[in-house]
Protein chains: 4
Amino acid sequence: MQLSSAPEIGVGVIGYAFMGKAHTNALKTLSYMIYPPPARPRLAAIAGRTEAAVQEAAARYGYASAYTDWRDLIADPTVDLVDNGGPNDIHAEASIAAAEAHKHVLCEKPLARDAAEARTMLAAVNRAGVIHMVAFNYRFVPAIRHMRDLIAGGALGTIYHFRARYLQDWLSSPAAAHSWRLSQATAGSGALGDLGSHVVDLARFLVGEPTAVSATLKTFTTQRPGGTVDVDDAFAASVEFASGAIGTLEASRVATGNKNGLIIEVNGSNGSLRFNLQRLNELAVCSGSDGYTDVLMTDPARHPWMKHWWPSGHIIGWEHTFVHEFAHLFDAIANGTSVAPDGATFEDGYRAAVICDAIATAARDHAQVSVVY
Amino acid sequence: MQLSSAPEIGVGVIGYAFMGKAHTNALKTLSYMIYPPPARPRLAAIAGRTEAAVQEAAARYGYASAYTDWRDLIADPTVDLVDNGGPNDIHAEASIAAAEAHKHVLCEKPLARDAAEARTMLAAVNRAGVIHMVAFNYRFVPAIRHMRDLIAGGALGTIYHFRARYLQDWLSSPAAAHSWRLSQATAGSGALGDLGSHVVDLARFLVGEPTAVSATLKTFTTQRPGGTVDVDDAFAASVEFASGAIGTLEASRVATGNKNGLIIEVNGSNGSLRFNLQRLNELAVCSGSDGYTDVLMTDPARHPWMKHWWPSGHIIGWEHTFVHEFAHLFDAIANGTSVAPDGATFEDGYRAAVICDAIATAARDHAQVSVVY
Amino acid sequence: MQLSSAPEIGVGVIGYAFMGKAHTNALKTLSYMIYPPPARPRLAAIAGRTEAAVQEAAARYGYASAYTDWRDLIADPTVDLVDNGGPNDIHAEASIAAAEAHKHVLCEKPLARDAAEARTMLAAVNRAGVIHMVAFNYRFVPAIRHMRDLIAGGALGTIYHFRARYLQDWLSSPAAAHSWRLSQATAGSGALGDLGSHVVDLARFLVGEPTAVSATLKTFTTQRPGGTVDVDDAFAASVEFASGAIGTLEASRVATGNKNGLIIEVNGSNGSLRFNLQRLNELAVCSGSDGYTDVLMTDPARHPWMKHWWPSGHIIGWEHTFVHEFAHLFDAIANGTSVAPDGATFEDGYRAAVICDAIATAARDHAQVSVVY
Amino acid sequence: MQLSSAPEIGVGVIGYAFMGKAHTNALKTLSYMIYPPPARPRLAAIAGRTEAAVQEAAARYGYASAYTDWRDLIADPTVDLVDNGGPNDIHAEASIAAAEAHKHVLCEKPLARDAAEARTMLAAVNRAGVIHMVAFNYRFVPAIRHMRDLIAGGALGTIYHFRARYLQDWLSSPAAAHSWRLSQATAGSGALGDLGSHVVDLARFLVGEPTAVSATLKTFTTQRPGGTVDVDDAFAASVEFASGAIGTLEASRVATGNKNGLIIEVNGSNGSLRFNLQRLNELAVCSGSDGYTDVLMTDPARHPWMKHWWPSGHIIGWEHTFVHEFAHLFDAIANGTSVAPDGATFEDGYRAAVICDAIATAARDHAQVSVVY
């Protein structure tokens, strides 16, 4: 049996809400859907602040242990991989503690509240020599991987433009409530870190390093039920790349009518690409002068993992990005290799933080800021 | 713990290929994603013709037993529900045997190779008093359920038109190989039963009973590598409904460029709806004269099960329809009720078979045929 | 000067409303936009029943003469071409009279109220030896001409499916008023002749002769403000073609949300095409397995007349189809040739009427009807 | 007759190529399509550098006189309105000369090669007291006018974002030839003035004055067949508005796959709008949480001029914007009023030039630049 020969990896997950659920689903799905799996996940432990809730989550998902203090989860000897899905303000402390305990670390994005914090995390995982990954899961959308393959393979020729915006609208109404995501102390920044970090990571993943940014940052509603907002609602930036390409980067939580619209456009001398996360199974490909072709990405020929799913034409969901992400991470752990370049390392997470900081600085200083890592 | 109070249902699955994988994934996902679940699935047994393959499937998915004869699966006392996902030519025999063994039965579509066969299956489950369901899983697409709610609630006014076509293209090339689906003996019919049964079931689900059909049936390529094709590649029909609506029904395996395009349009005196399975998270809603609104169905307010998934804007995949389907079936089994009207019973499967037969007869006789159950 | 060498054609237009305006605009635009023009139109005369209105139309558009009786227009020696844009019930009488007066004839669609009437018109123009054309202007949409070129050139391989529906919604409300178009005596039929004749002509134009039809015809609202409706609101048909292709044909005046949606889909063994009149500058082209490419038809390379308009990317309007149509007709008149095969002759108009009659007969008799010219 | 009571305006057009043809077509269409017209155009004179070509244009279009020197056209006493459609480097000289000759002036965009030049033109028309207009014709697209009406009427609530990009691709290939548009001396700037001036004017028209811009400007190919390129191929900018809104502005001649894609998105607290010039008959309107509705703009209720065209559903072409523009200008001339606020005056043209200059300065100085008129 191939199954039994795959190594087993004990996973400890910090957080049982949105990301805890999405990651757990991926872990449970991985072992029979990506088959044979590169490694088999063992649901070792889950941690969360509320005793009753974390106990219920453990029972619901089948975690062996439940902790109310993430330090106990890291100390648990059955945990090989710490999956850090808590709020941004525990990303650094828990990830560093995990690395120091010689656990592999997967950390949700943004890696940290700012670049300085991210740098300490990167140093910690490098020191410890553990496998590290930032959950920039959109690198694992088949269409986005295919975009990178097309661009890297030269199908688009010289890249002229990169244009990306991550648009949501849950704060469009001034009556929408405050939460930890709207506080600088816990979140670091607003749309910039939360959504903009994805945009920035995908810019790097697809067309390479940006060299300079100019930007505007805005908080449209500063008082909301439950508290004062001291992070941005949205930003808009123009960007220059090392390759010579120019473009725009945007993120917003107030772009009414867009629930989860991560829209990316790339124009090159020989072709163009267009993607929208709300239709993540599709990629619009223009190969010359004839307009865009709507390519369905469910064909196994498009993406290394699509063969694990369904016959062509049967679309996959948003959460499948995490299945691909974990498969990639498990493969790296099983082989003792980095998740780069397909996956995002803490180095990638740090670089995304540097660019986000540069955007904030450019907005504050009304001047273009160079990106220096 | 709510989890422990849910009854446990032992499931025996016949078939380990496409549908076996899709059903198993749904069973494994159900218990933690639809939470608390109406009942907890126990993966009791799996059956398939090839010993090595069925053993591997059992290990991969975690089934307690593996059988090469589905009769053994039915006889297994740990099996409460027989999930009949084999080829069409064992739908009747295995489903009837399951009913006679007082097991609940879920049967893949089409229920049978023709209406006469379907009628014997309906009689068997009625005699046995077991819960029965046909896997018309598209009733469990959130957008399609929402369509029915809008139509039934009168939002569209009087229904004038129903137009549905299920378009695939895996047989567009005359060089595509033969398989059991292209043989009348095993499949009953071609695109008509395979894809047309979905179209016909959704017509009934959405706008009620058809009363008469006229049709054309066609096999474009009769000799393929591996054998002679004696079933249809495609059909086209015009249809009249008891409500007074008229429309067209189509299915094709040679509609080049359509991988899995189930497209439905409904026009009423006050509004219209448009749906495409390749974008199953969206529904185009026209409420008057202002064109179609592209409504994203990920909002929990749209569908009773969407609250179990992700925040609005995060799309679900094709396979989630089966999770909803099993949740509905388990709820029916736990409560001893029929799956009707939201789910499809064997009565619905029989009626779909009657209509498919009427389409074939109309095509053969070059005359309109009345639908008589 | 090239201009002066082009022959001059005196045009007499019957009707000053919708079609009179559209045709006149085309005549006025033709001579400087399609340059040098194949012939120069002279606005000789216009006819209409209301004295004041026809006088105003003549002044507005610059017609030399105005008549309240179309017989006077035909008798006018300055009229070389009679453009018959009156209601359907004068199509035959006026067109035959024009032919007998040895005038060339352009007649609006449908050519006649039924095939028998159309046959007398065809006989008349053949007897007289004049140039004759039916205003099936959609043959002159660049995208539709391009479709025909692709199909005829074999780009799609064997044609499997033809699917066309002409959907409008001006009668969706039962409160919409009666008019001459809703009376069999004046119009012949309803959606069938008005919209269905376009569908049927394009079917022939694109994929060749249909051999048999089955159909359903329906009048949803029989009493409207202003009178009783004795023509159909909509029809739905399945169709077989001499080439072996099968498909559906539909037209409706009650397809809510569709203002002028003429939607055509063609599937062949090697590719597919999709068109919607509401986006008449675009054609979706699928050339194999990669989905549909949205091709903008404004590129002069797509269509023989696009070089006369604007740089690529600047879309043209619905009325430009008439400019192309008149340019084609004028070229035929100047050269003494038939408008076939690119334009529709009275033979084409007659054949469309035969097919429309077959659809009505099939619906009445609940049986498939063969198309026999 | 209403026609005879309308005043007559003698029009002299400078330039017979692309814009000359588009403007002439509008003048010829205006008097019978926008009926009764606010004034009747008389085609008084046309000017161009090549004797034979300008003579042919005069004959083709019906201009009474033809001149090879635009100064003669301005001096022609039959010319009441000078329509300045020559290259950018004669915009100032000819417009100022026209004003000084007390002729009304319509000038193509961009008004001038830079803001300083534009300011002299504005001073000249103000001094002369003539009616003046810049041909920002997209203000006369029904969808764009409807956008302004919706925004100004408060339908979108507080405006958060404005995002516009004008994308063409005629320079995507480095082999595309040089022309006067690629030379700073004749054109002033590249994509910035040519396409960006439209973007900037529509930003002001739709959501009000911008206050600051940051930007990047780029020439991707500096040597082309026929000469050196010393203007930009593209720019990308972030922008802040007096209203508090933020957004991005872009234009490119190298955005492969976009022929004439002017794409505008506006997000407000209560709704959003989306427009693409390649589908200029449509407007996507989001009025809350339910996604975008695709509204066809052919309904006369949407726009003051649509009643002059065709029944709803019959789309108009790009050139119709000029018909609306001239109708508006003629109305202003006939009534002695300014074309503001619906049309663009030289003041609007000057302001657009100031903003374009600010974008260029921001790019050069790597710093945000305030917009000061």
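Scroll up a little and you will see the structure.
The present account deals with the structure reproduced in this document. (Residues numbered from 1 in each chain as written. Chains lettered and ligands numbered in written order. Predicted model: local features only at pLDDT ≥ 70, side-chain atom pairs only at ≥ 80, totals over all residues. Heavy atoms only, no water.)

### Digging into the overall build of chain A
Right, so step 1: A tally of regular secondary structure across chain A gives eleven helices and 17 strands.
Right, so step 2: For a compact globule of 373 residues, the expected C-alpha radius of gyration is about 21 Å, and chain A comes in at 20 Å, within 12% of that figure.
Right, so step 3: Within chain A, the fraction of its 373 residues that count as buried is 67%.
Right, so step 4: Looking at chain A alone, contacts between residues at least 24 apart form 69% of all its contacts between residues at least 6 apart.
Right, so step 5: Accessible surface for chain A amounts to roughly 11,100 Å². Of this, 51% is attributable to carbon and sulfur atoms. (Helix = DSSP H or I, 4+ residues; strand = E, 2+ residues; numbered from the N terminus. Rg over C-alpha atoms; globule rule 2.2 N^0.38 Å. Buried < 20%, exposed > 50% of the residue type's maximum accessible area, 1.4 Å probe, protein only. Contact = heavy atoms within 4.5 Å. Areas by Shrake-Rupley, 256 points an atom, 1.4 Å probe, with all protein chains shown as cover.)

### Points about the sheet that holds strand β5 (residues 104–107) of chain A
Residues and elements named next belong to chain A.
Right, so step 1: With parallel pairing, six strands are arranged side by side in an open sheet as β3-β2-β1-β4-β5-β6. Two strands in the sheet have a free side with no partner beyond their single neighbour: β3 (65–67) and β6 (132–134). The sheet shows a mean angle of 20° between the axes of neighbouring strands, direction not considered.
Right, so step 2: The sheet contact formed by strand β1 (residues 8–14) and strand β2 (residues 40–47) spans seven bridges and is parallel. Note on β2: the bridge partner recorded for Glu-8 is Arg-40.
Right, so step 3: This element, helix α10 (residues 320–335), spans β1, β2, β4 (81–84), β5 and β6 of the sheet and lies at about 150° to β4. (Pairing = 2+ DSSP bridges. Axes fitted to C-alpha atoms, helices over the stretch in contact; angles between N-to-C directions.)

### So, the sheet that holds strand β3 (residues 65–67) of chain B
All names here are of chain B.
Right, so step 1: As summarised here, the arrangement of the six strands in space is β3-β2-β1-β4-β5-β6, forming an open sheet in which the pairing is parallel. One side of each edge strand has no neighbouring strand; the edge strands of this open sheet are β3 and β6 (132–134). Strand-to-strand twist in this sheet, taken as the mean axis angle between neighbours without regard to direction, amounts to 20°.
Right, so step 2: The sheet contacts of helix α2 (residues 18–33) involve β1 (8–14), β2 (40–47), β4 (81–84) and β5 (104–107), and relative to β2 the element is tilted by about 160°.
Right, so step 3: The sheet strands contacting helix α11 (residues 346–365) are β5 and β6, and the helix crosses β6 at an angle near 40°.

### Examining the side chain of C:Lys103
All names here are of chain C.
Right, so step 1: Along the chain, Lys-103 falls in the loop between α5 (91–100) and β5 (104–107).
Right, so step 2: Only 2.8 Å separates the side chain of Lys-103 from the backbone oxygen of Ile-74, close enough to count as a polar contact.
Right, so step 3: At 2.8 Å, the side chain of Lys-103 and the backbone oxygen of Val-79 are in polar contact.
Right, so step 4: Apart from the residues lying within four places of it in its own chain, the contact partners of Lys-103 are Ile-74, Ala-75, Asp-76, Pro-77, Val-79, Asp-80, Val-82, Ala-98 and Val-130. (Polar contact = N/O pair within 3.5 Å; in protein donor to acceptor, adjacent residues only side chain to side chain.)

### Considerations on the nonpolar core
Side chains that are nonpolar tend, in soluble globular proteins, to be buried together.
Right, so step 1: With 254 residues, the main nonpolar core has C:Ile264 and D:Ile264 as its most contacted residues.
Right, so step 2: Excluding anything up to four places from it in sequence, C:Ile264 contacts C:Ile144, C:Met147, C:Phe162, C:Arg163, C:Ala164, C:Leu202, C:Leu206, C:Leu273, C:Arg274 and C:Phe275.
Right, so step 3: Residues A:Ile96, A:Met147, B:Ile74 and B:Val354 belong to the second largest nonpolar core, which totals 252 residues. (Core = buried A, V, L, I, M, F, W, Y, C linked by side-chain atoms within 4.5 Å.)

### As for the pattern of salt bridges
Pairing between side chains of opposite charge can happen when the charged atoms of each approach one another.
Right, so step 1: Taken as a whole and assessed by the stated rule, the structure comprises 97 salt bridges over all chains.
Right, so step 2: Between D:Glu347 and D:Arg351 there is a salt bridge, with its nearest N and O atoms 2.8 Å apart. Residue D:Glu347 and its partner D:Arg351 are both found in helix α11 (residues 346–365); the two are separated by four residues, about one turn of the helix.
Right, so step 3: In this structure D:Glu347 comes out as partly exposed when scored by relative accessible area, which is 29%.
Right, so step 4: With a relative accessible area of 22%, D:Arg351 lands in the partly exposed category.
Right, so step 5: Salt bridges here are not isolated pairs; linked through shared partners, they connect A:Arg163, A:Arg165, A:Glu250, A:Glu265, D:Arg163, D:Arg165, D:Glu250 and D:Glu265. (Salt bridge = Lys/Arg side-chain N within 4 Å of Asp/Glu carboxyl O.)

### Things to note about unusual backbone geometry
Right, so step 1: Omega for the bond connecting D:Lys109 with D:Pro110 falls within 30 degrees of zero, at -10°, which places this linkage in the cis form.
Right, so step 2: Its place among the elements puts D:Pro110 in the loop between β5 (104–107) and α6 (115–128).
Right, so step 3: With an omega dihedral of 0°, the bond running from D:Ala340 to D:Pro341 counts as a cis peptide bond.
Right, so step 4: As for its position among the elements, D:Pro341 is in the loop between α10 (320–335) and α11.
Right, so step 5: The backbone of B:His366 shows a phi angle near 55°, a positive value even though the residue is not glycine.
Right, so step 6: Note on B:His366: relative accessible area 41%, which makes it partly exposed.

### Observations regarding the pairing of strand β16 (residues 293–296) of chain B
Residues and elements named next belong to chain B.
Right, so step 1: Relative to β16, strand β15 (residues 282–286) is paired through four bridges, and the arrangement is antiparallel. The partner of Val-285 across the bridge, within β16, is Thr-293.
Right, so step 2: Following β15, the chain reverses through six residues before pairing antiparallel with β16; Gly-288 in that reversal takes a positive phi of roughly 125°.

### A closer look at the relation of the copies chain C and chain B
Right, so step 1: Rotating chain C by 180° and moving it 0.0 Å along the rotation axis overlays it on chain B with an RMSD of 0.0 Å. Read as a symmetry element, the transformation amounts to a two-fold axis. Taking C-alpha positions as the reference, the residue of chain C nearest the rotation axis is C:Ala367, at 1.9 Å.
Right, so step 2: Mapped onto chain B, 98% of the interface residues of chain C are again interface residues, and the two copies thus contact each other with one and the same surface. (Least-squares fit on C-alpha atoms with pLDDT ≥ 70 in both.)

### Side note on the environment of C:Phe220
Right, so step 1: Take C:Phe220: it is sitting in the loop between β8 (210–218) and β9 (223–224).
Right, so step 2: Put simply, C:Phe220 and C:Ala234 are 14 residues apart on the chain and 8.4 Å apart in space, counted from C-alpha to C-alpha.
Right, so step 3: Excluding anything up to four places from it in sequence, C:Phe220 contacts B:Tyr160, B:His161, B:Gly244, B:Ala245, B:Ile246, C:Asp233, C:Ala234 and C:Val254.

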